[in-house]
Protein chains: 2
Amino acid sequence: MQSDHSQRPTLADVARKAGVSGKSVSRVVNGEAYVSAELKAKVDAAIAELGYVPDLAARSLAGARSFTISLLLDTNGQDYVIQLLEGAYEACKLNSYHLRIENLDATASNESLLERLDEVMRHSRLDGFILAPPFSDNTAIMDWLEERQVRFTRVAPCIERERSPCVFVDDAAAAGEIAQYLVSKGHRRIGLVNGSPRHGAAIARRTGFLDKIAEIAPDAELVEATGNFRFEDGIDAGKALLGAGNPPTAIFAANDRSAAGVMNACAQLGISVPDDVSLCGFDDSWLAKLVWPYLTTVRQPVSDLGREAARLLIEKDTGEGAPKQIMLGHSLIERDSVRSLDQ
Amino acid sequence: MQSDHSQRPTLADVARKAGVSGKSVSRVVNGEAYVSAELKAKVDAAIAELGYVPDLAARSLAGARSFTISLLLDTNGQDYVIQLLEGAYEACKLNSYHLRIENLDATASNESLLERLDEVMRHSRLDGFILAPPFSDNTAIMDWLEERQVRFTRVAPCIERERSPCVFVDDAAAAGEIAQYLVSKGHRRIGLVNGSPRHGAAIARRTGFLDKIAEIAPDAELVEATGNFRFEDGIDAGKALLGAGNPPTAIFAANDRSAAGVMNACAQLGISVPDDVSLCGFDDSWLAKLVWPYLTTVRQPVSDLGREAARLLIEKDTGEGAPKQIMLGHSLIERDSVRSLDQ
DNA sequence: CTGAAAGCGCTTACAG
DNA sequence: CTGAAAGCGCTTACAG
């Protein structure tokens, strides 16, 4: 690859061809102020003619930027990982940035997580990190990054949102919409399969759901089951909820994966969805259409979350001081897993 | 980050502390030959004391290596992407390499794919690429990389395996085992849901399956349906295969995803798996246990494929000239979607 | 608004 | 087996 690179035009080549100094070429390339239109035109022409592309390693060595950002995530059983990756990749590509991946184990101790981060930072330069859940709510990681003045943005944080630029969806409101939807369909005995207490989103969904029920149907009976966002949790919760006497007529599971688990429990128990029990998920992951019947759920624009998180990291702060918080919209996706009790 | 980096110990610091030249430190760090044990010990001690880590950007700028490799994949609907990523990431981490992602659209023209690769290579230095399916069978990409003398390894290639180091599973043999298994359970009217003709693996699975049937049960009736590895294809194929008269008693779908589609078709048609029809998938993706009944399938060690592909890229060729081909084992995973006709 | 010089932290020839 | 010098291709102060 060395030979390949040694034939590439350099900044000096561009400078020679344009008849200007290297510093001026650098100014144009970096979009700095105080460049006359005339000079810029000459440089741009030379760049185009030579097909010049600045060398990443040299920029990184000489300057403070690396044009590379890292996505911190846990691939373990997360349905949204791929979409997040897609969104972040797109934003990077658009801005000629590069995307690196750090796959960490969210169940590991903070100590070992920070150790790994330290290793990563020592080995290389990075313009910043995108923290995916559940790292987006990890204050130890945030403290560590802030101490070292490393920029970061967060995807779907639930705590201290003002602490960094971040992108999220209103989980509580979305869960509230599901509550409203189920109540509007006549359900008054409702089961709730909770998500991982480690994820703030699970808390927000629970709270939003319960608050809305309390508000619009205070007479409703609620049964809760613990969960951890996993398929197996959905199976267990479904059996617990539906195996007892006086089962709920509708169940809201905190994510699609555990909703699929509930469906599995139904299949095992010989209970029909939605004839015997209605079911809602959350995420609108591709899983929602890999079950039968298709799952009614809330759509989160996951790849948009990834894209915006990357964009916020790449674009310099606009100087207004305050980090940006971006809330993206969600939407209830009606499919076939809920029936109306009134009909 | 600049301030952070300027405080890091450099190679010169280590040289000073050890009382040797910078070149000697470089030799030790790079594990070069012709270093006396005594000198190496001094340098190692100084490195440990200072906590020295070589700077990636500087190494990359000065030398021919970048310690970064890129995984070329298409995230679109591929169940194995995450596992591949996990495996490749692990191998990189172990060797202090960094993993970058390029997410390309496999349905795009070769021209636009190569254009993007060119962009990527111009922007930065890369020690090589891992080609994931279906790029592992894309000769245009291989030609392009070879012309530029860029190293690459391939995951699950089906053609020209000698052309690069690669890692794969014996798809034909694995499909043959499924054939044998179904025949041993008494099935003689068998459906086959094919995979994407774009993926060589689909061809190999079909051939392996048909050949084995012809060998051990030449009297068996076979019905084929086209497919493209997608869930929807499984639904369509399932309906086509099972909606007609004299339906098969067992179906082999070329991947788990389309097998899930077949299950969906069964649910829609009121057909029970495995009571009315038996079903096998391929991959043992996590989907296999997100359906009911759990899917009997063939397990591919996907994260191992990713790990080995990265390892082959990172480790220099051993100089024997011939690229390495590594075949990893597969195994039939018996679950609950197949029943024996004899009982 | 523009430029000449120094330097980022390594590796590559080249000597010895 | 070991080292002194040059250079990779940029950006950063610093001048003007």
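Structural data are supplied above this passage.
Before going into details, it helps to say that this report is about the structure given with it. What you see is a predicted model; the values in this text were computed from it and never measured.

The accessible area lost on association of the parts is a frequent measure of interface size. Counting residues at the interface gives 58 residues for chain B, matched by 58 residues for chain A. Between chain B and chain A, roughly 5400 Å² of surface is buried when both sides are summed, and carbon and sulfur atoms account for 60% of that area. Taken together, the connections running from chain B to chain A amount to 2 salt bridges. Inspection of the chain B/chain A interface yields 14 residue pairs in polar contact (both at pLDDT 80 or more).

It is worth spelling out the packing of helix 2 (residues 11–18) of chain A against helix 4 (residues 37–50) of chain A at this point. Residue and element names in this part refer to chain A. Between helix 2 and helix 4, the shortest axis-to-axis distance is 9 Å and the interhelical angle comes to 120°. If you check the angle between helix 2 and helix 4, you find them oblique. Crossing of helix 2 against helix 4: the hand is right-handed. In contact with D13, V14, K17 and A18 of helix 2, helix 4 contributes K42, V43, A46, I47, E49 and L50. The residue makeup of the contact of helix 2 with helix 4, split by class, is 6 nonpolar, no polar and 4 charged.

Turning chain B through 180° and shifting it by 0.0 Å along the axis lays it on chain A, with an RMSD of 0.1 Å. What we have between these two chains is a two-fold relation. Mapped onto chain A, 100% of the interface residues of chain B again fall at the interface, so both copies present the same surface.

This part covers the pattern of salt bridges. All names here are of chain A. For the coordinates displayed, the defined rule picks out 52 salt bridges over all chains. With a shortest N-O distance of 3.9 Å, E32 and K23 are connected by a salt bridge. The shortest N-O distance in the salt bridge between D284 and R335 comes to 3.0 Å. Residue D284 is located in the loop between strand 9 (278–280) and strand 10 (297–299), and its partner R335 is located in the segment after strand 12 (331–333); the two are separated by 51 residues in the primary sequence. We note that D284, like R335, is buried. Connected through salt bridges with shared partners, the residues R100, E102, R116 and E119 form a single ionic network.

Another aspect to go through is the packing of aromatic side chains. All names here are of chain A. What the rule picks out here adds up to 9 aromatic pairs over all chains. An aromatic cluster of at least three residues, connected via ring pairs, comprises F209, F252 and F282. Here R161 stacks its cationic end above the ring of F168, 3.7 Å away from the centre of that ring.

With 100 residues, the main nonpolar core has F129 of chain A together with F129 of chain B as its most contacted residues. Setting aside residues up to four positions removed in sequence, F129 of chain A forms contacts with S70, L72, L117, V120, M121, L145, V150, R151, F152, T153 and L313 of chain A. By size, the runner-up hydrophobic cluster in this structure holds 48 residues, among which are I235, I251 and V273 of chain A together with A265 of chain B.

Turning next to the pairing of strand 2 (residues 98–103) of chain B. Residues and elements named next belong to chain B. In terms of burial, strand 2 is a largely internal element, 6 of the 6 residues being buried. When strand 1 (residues 68–73) meets strand 2, the two strands line up parallel, connected through 6 bridges. Considered in strand 2, the bridge of I69 is made with L99.

A separate point is the layout of surface pockets. The calculated volume of the second largest pocket comes to roughly 660 Å³. Around the second largest pocket sit 25 residues that line it, and A267 and W292 of chain A together with M263, A267 and W292 of chain B are the ones nearest its centre. Listing elements by their share of the lining of the second largest pocket, those giving two or more residues are helix 12 (256–269) of chain A together with helix 12 (256–269) of chain B. Per element, the largest residue contribution to the lining of the second largest pocket is 5 residues, and it comes from helix 12 of chain B. Its residues placed into classes, the lining of the second largest pocket shows 20 nonpolar, 5 polar and no charged.

Surveying the vicinity of DNA strand C reveals 26 residues, the closest of which are S24 and S36 of chain A together with L11, K23 and S26 of chain B. Backbone atoms, meaning sugar and phosphate, make up 65% of the atoms of DNA strand C lying within 4 Å of the protein. Taking R27 of chain A, its side chain carries an N or O atom lying 2.9 Å from a base oxygen of DNA strand C. Looking at the surface near DNA strand C, the elements that each hand over two or more residues are helix 3 (22–29) and helix 5 (56–62) of chain A together with helix 3 (22–29) and helix 5 (56–62) of chain B.

A word on the environment of V53 of chain B. Inspection of the secondary structure puts V53 of chain B in the loop between helix 4 (37–50) and helix 5. On the basis of relative accessibility, which here comes to 15%, the residue V53 of chain B falls in the buried class. When the C-alpha atoms of V53 of chain B and R8 of chain B are compared, they prove to be 8.3 Å apart, with 45 residues separating the residues in sequence. When near neighbours in sequence (up to four residues on either side) are disregarded, V53 of chain B contacts R122 and H123 of chain A together with R8 of chain B.

Residues and elements named next belong to chain A. Across the sheet, 4 strands lie side by side as 7-6-8-9; this open sheet has parallel pairing. Across the chains shown, the open sheet's two edge strands, defined by having one partner strand only, are strand 7 (221–225) and strand 9. Neighbouring strand axes in the sheet, compared pairwise and without regard to direction, differ in orientation by 20° on average. Taken together, the 4 bridges between strand 6 (residues 189–193) and strand 8 (residues 250–253) define a ladder with parallel strand orientation. When the sheet's bridge partners are listed, L192 is paired in strand 8 with F252. Strands in contact with helix 12 are strand 6, strand 8 and strand 9; relative to strand 9, the strand with the most contacts, it is inclined by about 160°.

Okay, unusual backbone geometry next. Residues and elements named next belong to chain A. With an omega dihedral of 5°, the bond running from V273 to P274 counts as a cis peptide bond. Within the secondary structure, P274 sits in the loop between helix 12 and strand 9. Notably, Q149 is not glycine yet its phi reads approximately 55°, a positive angle. Inspection of the secondary structure assignment puts Q149 in the loop between helix 8 (139–147) and strand 4 (152–155). Among the residues examined, Q149 registers a relative accessible area of 61% and is labelled exposed. Here F229, not a glycine, exhibits a phi torsion of approximately 75°, which is positive. Mapping F229 onto the fold places it in the loop between strand 7 and helix 11 (231–243). Judged by its relative accessible area of 11%, F229 is buried.

Parameters at a glance
- Residues numbered from 1 in each chain as written.
- Chains lettered and ligands numbered in written order.
- Predicted model: local features only at pLDDT ≥ 70, side-chain atom pairs only at ≥ 80, totals over all residues.
- Heavy atoms only, no water.
- Contact = heavy atoms within 4.5 Å.
- Buried area = accessible area lost by both parts, 1.4 Å probe.
- Salt bridge = Lys/Arg side-chain N within 4 Å of Asp/Glu carboxyl O.
- Polar contact = N/O pair within 3.5 Å; in protein donor to acceptor, adjacent residues only side chain to side chain.
- Axes fitted to C-alpha atoms, helices over the stretch in contact; angles between N-to-C directions.
- Helix = DSSP H or I, 4+ residues; strand = E, 2+ residues; numbered from the N terminus.
- Parallel < 35°, antiparallel > 145°, perpendicular 65-115°, else oblique.
- Left-handed = near helix turned anticlockwise from the far one by under 90°.
- Nonpolar A, V, L, I, M, F, W, Y, C, P; charged D, E, K, R; others polar.
- Least-squares fit on C-alpha atoms with pLDDT ≥ 70 in both.
- Buried < 20%, exposed > 50% of the residue type's maximum accessible area, 1.4 Å probe, protein only.
- Phe/Tyr/Trp six-rings, centres within 6.5 Å; stacked < 30°, edge-to-face > 60°.
- Lys NZ or Arg CZ within 6 Å of the ring centre and 35° of its normal.
- Core = buried A, V, L, I, M, F, W, Y, C linked by side-chain atoms within 4.5 Å.
- Pairing = 2+ DSSP bridges.
- 1 Å grid on protein atoms, 1.4 Å probe; cavity = no way out; pocket = protein on both sides within 12 Å on 5 of 7 lines; lining within 4 Å.
- Points joined across faces, edges and corners; volume = space filled by probe spheres on them.
- Near = heavy atom within 4 Å.

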